[in-house]
Amino acid sequence: MLGASAARATGGIVPSVTGMHRWPLRDAVDIGLGADAGLFGLSGDARWLGFLGGPTASARVMPFRMPLSFELTARLDLGRVPVCNAWGLCLRYLGFFPAAELGAAYLSTQHVAVVATCGVRFIRTLAWSGVSVEPAAAGRISW
């Protein structure tokens, strides 16, 4: 999420958890459905506190013989997002904040991966409407 130093601040780092079930379509292609939940603004300043969570859908492809996959994910998150102005006044909005992200994952073993993604989230509130850019790094465990 855009942080405190951004022109339209909406929060900060979002630790989150995603659970997903995947179905193989072909040898190197699968799709997944699940849910995610994240909380941000944990730095001690209550004005940044927010949450996002909802259903998630993903498509993954491994086009090479190496342990690298590429992913496209859609998130239909509901939540509470603070939007602050240049004077530090923050309004909190409950609403629907969908996101889409592209990512790449390196599978270090069959069940462990390191993932890098970059997503965009649509923010529409009474104070401001626009797109939040969300780069992320994650670890993934599967079984």
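The rules behind the values
Residues numbered from 1 in each chain as written. Predicted model: local features only at pLDDT ≥ 70, side-chain atom pairs only at ≥ 80, totals over all residues. Heavy atoms only, no water. Helix = DSSP H or I, 4+ residues; strand = E, 2+ residues; numbered from the N terminus. Buried < 20%, exposed > 50% of the residue type's maximum accessible area, 1.4 Å probe, protein only. Contact = heavy atoms within 4.5 Å. Salt bridge = Lys/Arg side-chain N within 4 Å of Asp/Glu carboxyl O. Core = buried A, V, L, I, M, F, W, Y, C linked by side-chain atoms within 4.5 Å. Pairing = 2+ DSSP bridges. Polar contact = N/O pair within 3.5 Å; in protein donor to acceptor, adjacent residues only side chain to side chain. Phe/Tyr/Trp six-rings, centres within 6.5 Å; stacked < 30°, edge-to-face > 60°.

**Considering the overall build of the protein**
At step 1: Each helix and strand in the protein was counted, giving zero helices and seven strands.
At step 2: From first element to last, N terminus to C terminus, the protein shows the α and β order β-β-β-β-β-β-β.
At step 3: When the 143 residues of the protein are sorted by exposure, 34% land in the buried category.
At step 4: Counting only contacts in the protein whose residues sit at least 6 apart along the sequence, the fraction spanning at least 24 positions is 44%.

**Looking at the pattern of salt bridges**
At step 1: Applying the stated criterion across every chain yields a total of seven salt bridges.
At step 2: Linking aspartate 30 and arginine 60 is a salt bridge whose minimum nitrogen-to-oxygen distance equals 2.7 Å. Of this pair, aspartate 30 sits in strand β2 (residues 29-40) while arginine 60 sits in strand β3 (residues 50-61); the two residues are 30 residues apart in sequence, bridging distant segments of the chain.
At step 3: The residue arginine 75 makes a salt bridge to aspartate 36 at a minimum N-O spacing of 3.5 Å.

**Quick notes on the nonpolar core**
At step 1: Of all hydrophobic cores here, the largest spans eight residues; its members are Phe40, Leu52, Val81, Val83, Tyr93, Phe97, Ile123 and Trp128.
At step 2: Contributing elements (two or more residues each) for this core: β4 (68-84) and β5 (90-107).

**As for the environment of valine 81**
At step 1: Here valine 81 shows up in strand β4.
At step 2: A C-alpha to C-alpha distance of 5.2 Å links valine 81 and glycine 50, two positions 31 residues apart in sequence.

**What to know about the pairing of strand β1 (residues 16-26)**
The side chains of a regular strand alternate between the sheet's two faces.
At step 1: Two elements, β1 and β2, share ten bridges in a ladder whose sense is antiparallel. Bridge pairing in β2 links valine 17 to alanine 37.
At step 2: Taking the residues between adjacent antiparallel strands as the criterion, β1 and β2 are bridged by two residues.

**Some remarks on the side chain of aspartate 30**
At step 1: Judged by relative accessible area, aspartate 30 falls into the buried class, the value being 13%.
At step 2: A polar contact of 3.2 Å, which involves the side chain of aspartate 30, links it to the side chain of arginine 22.
At step 3: A polar contact of 2.7 Å, which involves the side chain of aspartate 30, links it to the side chain of arginine 60.

**Describing the pairing of β5**
At step 1: With 17 bridges joining them, β4 and β5 adopt antiparallel strand pairing. Bridge pairing in β5 places leucine 78 opposite phenylalanine 96.

**Focus on the packing of aromatic side chains**
At step 1: Evaluation of the coordinates by the stated rule reveals one aromatic pair.
At step 2: On the basis of an interplanar angle of 80° and a centroid distance of 6.3 Å, the ring pair of phenylalanine 64 and phenylalanine 70 is categorised as edge-to-face.
At step 3: On the accessibility criterion, phenylalanine 64 (46% relative accessible area) is partly exposed.
At step 4: Taking the relative accessible area as the measure of exposure, phenylalanine 70 reaches 34% and is therefore partly exposed.

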